[in-house]
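An overview of the molecular structure
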Amino acid sequence: MQHFLSVKDAIDVQALVKEALLYKKTPYADKHIGKNRTMGLLFFNSSLRTRLSTQRAAQNLGLELIVMNVGQDGWGLEFEDGAIMDGNKAEHIKEAAPVVGQYCDIVGIRSFPTLENREEDYSENVLNQFVKHTGRPIVSLESATRHPLQSLTDLITIEELKTKPRPKVVLSWAPHVKALPQAVPNSFAEWMNAADVDFVITHPEGYELAPEFVGNAKVTHNQEEAFKDADFIYAKNWSSYNDYGKILSQDPSWKITTEKMALTDNAKFMHCLPVRRNVVVDDAVLDSPNSVVIQQAGNRVWAAQVVLKQILLKIIREESPYLF
Ligand code: CP
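As the structure is a prediction and not an experimental result, all values here were calculated from the model.

1. So, the site of the ligand
- For the ligand, the full set of nearby residues is Ser 47, Leu 48, Arg 49, Thr 50, Arg 110, His 147, Gln 150, Cys 272, Leu 273 and Arg 300.
- The contact in question runs from a nitrogen atom of the ligand to an N or O atom on the backbone of Leu 273, over 2.9 Å.
- When the ligand is considered free in solution it has 250 Å² of accessible area, and contact with the protein chains removes 92% of it.
- Its atoms largely coinciding with the cavity grid, the ligand occupies the largest pocket.
- Along the lines of polarity and charge, the residues of the shell around the ligand split into three nonpolar, four polar and three charged.
- Domain assignment of the residues forming the shell around the ligand places at least three in each of domain 1 (7–146 + 300–318) and domain 2 (150–298).

What follows is the structure, given as structure tokens:
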């Protein structure tokens, strides 16, 4: 694996899931594979799970770590080619990224969308400029339009908990107080479309995701109908894609409740976290035995570990082809 930016970088999705579940049983099986190598984690935004789980995964593989809140502690970064840098941005990505590449063998980047300019956000300018200029493998720790480590985790969790060969998985929009990115639902849809599941998306009118992410999923505006016989309910808020970045509805009737969960086939409740209790989902659902959000967050380690292993194997192969 060269980079990990989307499901397209996973040559065999099912193999990745299986290997991740093996790591869950034997976390230190490849303890020496990352010896004398360093991973850098650069955060433009806040993170709890991604930050800690990726560190833990890297440590399990023997990697050293450098972590920087680049959005807070770094120089203001300019991404525009040909910019006259007489404003508040002191450093261009053309220097910053290759400098990071001097210190790190693998680089993880967490960036967020502006939610103001769809074309700019969906061009993935920040992530792509790191890919272009760092000279090292790049791992997306969530970008403007995708969160692939989260989605791989979600698939691992579904594989671990499913009770039938082809479970019904429902991605449900839920209310929120802030305008949130489409990255998690986009990415979840992309990975579910690559998996052997009956995949349904439900949201109020106006919250259609970009068609390239929806793929072959069934889409309905009737949340209760979507929940019928579901095996997994994946709740997430997102802002509008068509009326870009806008909150069109905060309709509390879309909140996930015990009554709605009762329509399912004893479904597991999933959410990427952080989650706003009693806005997105009722306490009674989150605190029920069917909520798997903590197990799901725990699986972030194994998703990151299997991705880092694939990248390390490629680095090692290229450095020492005679070994293979
Ligand atoms: N789910 C997730 O990415 O959580 P953090 O934003 O805390 O990393």
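Moving on from the coordinates now.
2. Re the pattern of salt bridges
- Within this structure, the stated rule accounts for 17 salt bridges.
- In this structure, Arg 146 and Glu 190 form a salt bridge, with 2.9 Å as the shortest nitrogen-oxygen distance. Of the two residues, Arg 146 sits in the loop between strand E6 (138–140) and helix H7 (148–161) while Glu 190 sits in helix H8 (residues 183–193), which places them 44 residues apart along the sequence. For the pair shown, Arg 146 and Glu 190 are each scored as buried.
- Between Lys 255 and Asp 282 there is a salt bridge; the shortest N-O distance is 2.9 Å. Residue Lys 255 is found in the loop between strand E10 (232–236) and helix H11 (258–261), and its partner Asp 282 is found in the loop between strand E11 (268–270) and helix H12 (283–286); the two are separated by 27 residues along the sequence. Of the two residues, Lys 255 and Asp 282, both sit in the buried class.

3. Structural notes on the domain arrangement of the protein
- What the domain assignment reports for the protein is domain 1 (7–146 + 300–318) and domain 2 (150–298).
- Centre-to-centre separation of domain 1 and domain 2, based on C-alpha positions: 26 Å.
- Facing the 30 residues of domain 1 at the interface are 32 residues of domain 2.
- Carbon and sulfur atoms make up 62% of the area that domain 1 and domain 2 hide from each other, which totals about 2500 Å².
- Scanning the region where domain 1 abuts domain 2 turns up three salt bridges.
- The interface formed by domain 1 and domain 2 contains 12 residue pairs in polar contact (both at pLDDT 80 or more).
- With seven residues, helix H1 (residues 13–25) is the single largest residue contributor to the side of domain 1 that touches domain 2.
- Here the side of domain 1 that touches domain 2 is built from residues that sort into 17 nonpolar, four polar and nine charged.

4. Side note on the pairing of strand E5 (residues 106–110)
- Within E5, five of the five residues are buried, leaving the element largely enclosed by the surrounding structure.
- By the alternation rule, side chains of E5 split into Ile 106, Gly 108 and Arg 110 and Val 107 and Ile 109, which are all buried.
- Pairing between strand E1 (residues 38–43) and E5: five bridges, direction parallel. Residue pairing across strands places Gly 40 opposite Val 107, the latter belonging to E5.

5. Quick notes on helix H6 (residues 125–134)
- For H6, the full list of buried residues reads Leu 127, Gln 129, Phe 130, His 133 and Thr 134. Summarising the axial view, the buried residues of H6 lie within an arc of 165°, below the 170-degree limit, and thus occupy one face.

6. Let's talk about the pairing of strand E2 (residues 64–68)
- Sheet topology places E1 next to E2; five bridges connect them, and they run parallel. Bridge assignment links Thr 38 to a residue of E2, and that residue is Glu 64.
- Taking the sense of rotation as the criterion, the β-α-β connection linking E1, helix H2 (residues 49–60) and E2 turns out right-handed.

7. Some details on the packing of aromatic side chains
- This structure, assessed with the given rule, holds nine aromatic pairs.
- The interplanar angle of 70° and the centroid separation of 5.8 Å between the aromatic rings of Phe 188 and Phe 199 together place this pair among those described as edge-to-face. Taken together, the positions of Phe 188 in helix H8 and Phe 199 in strand E8 (residues 198–202) put the pair 11 residues apart, joining distant regions of the chain. Exposure class is identical for Phe 188 and Phe 199. Each is buried.
- Above the ring of Tyr 241, the side-chain terminus of Arg 118 is found at 4.0 Å from the ring centroid.

Rules of the game
- Residues numbered from 1 in each chain as written.
- Predicted model: local features only at pLDDT ≥ 70, side-chain atom pairs only at ≥ 80, totals over all residues.
- Heavy atoms only, no water.
- Near = heavy atom within 4 Å.
- Polar contact = N/O pair within 3.5 Å; in protein donor to acceptor, adjacent residues only side chain to side chain.
- Areas by Shrake-Rupley, 256 points an atom, 1.4 Å probe, with all protein chains shown as cover.
- 1 Å grid on protein atoms, 1.4 Å probe; cavity = no way out; pocket = protein on both sides within 12 Å on 5 of 7 lines; lining within 4 Å.
- Sits in = over half its atoms within 2 Å of the grid points.
- Nonpolar A, V, L, I, M, F, W, Y, C, P; charged D, E, K, R; others polar.
- Domains from an automatic or database assignment.
- Salt bridge = Lys/Arg side-chain N within 4 Å of Asp/Glu carboxyl O.
- Helix = DSSP H or I, 4+ residues; strand = E, 2+ residues; numbered from the N terminus.
- Buried < 20%, exposed > 50% of the residue type's maximum accessible area, 1.4 Å probe, protein only.
- Contact = heavy atoms within 4.5 Å.
- Buried area = accessible area lost by both parts, 1.4 Å probe.
- Pairing = 2+ DSSP bridges.
- Arc of directions from axis to C-beta.
- Right-handed = clockwise from strand over helix to strand, strands pointing away.
- Phe/Tyr/Trp six-rings, centres within 6.5 Å; stacked < 30°, edge-to-face > 60°.
- Lys NZ or Arg CZ within 6 Å of the ring centre and 35° of its normal.

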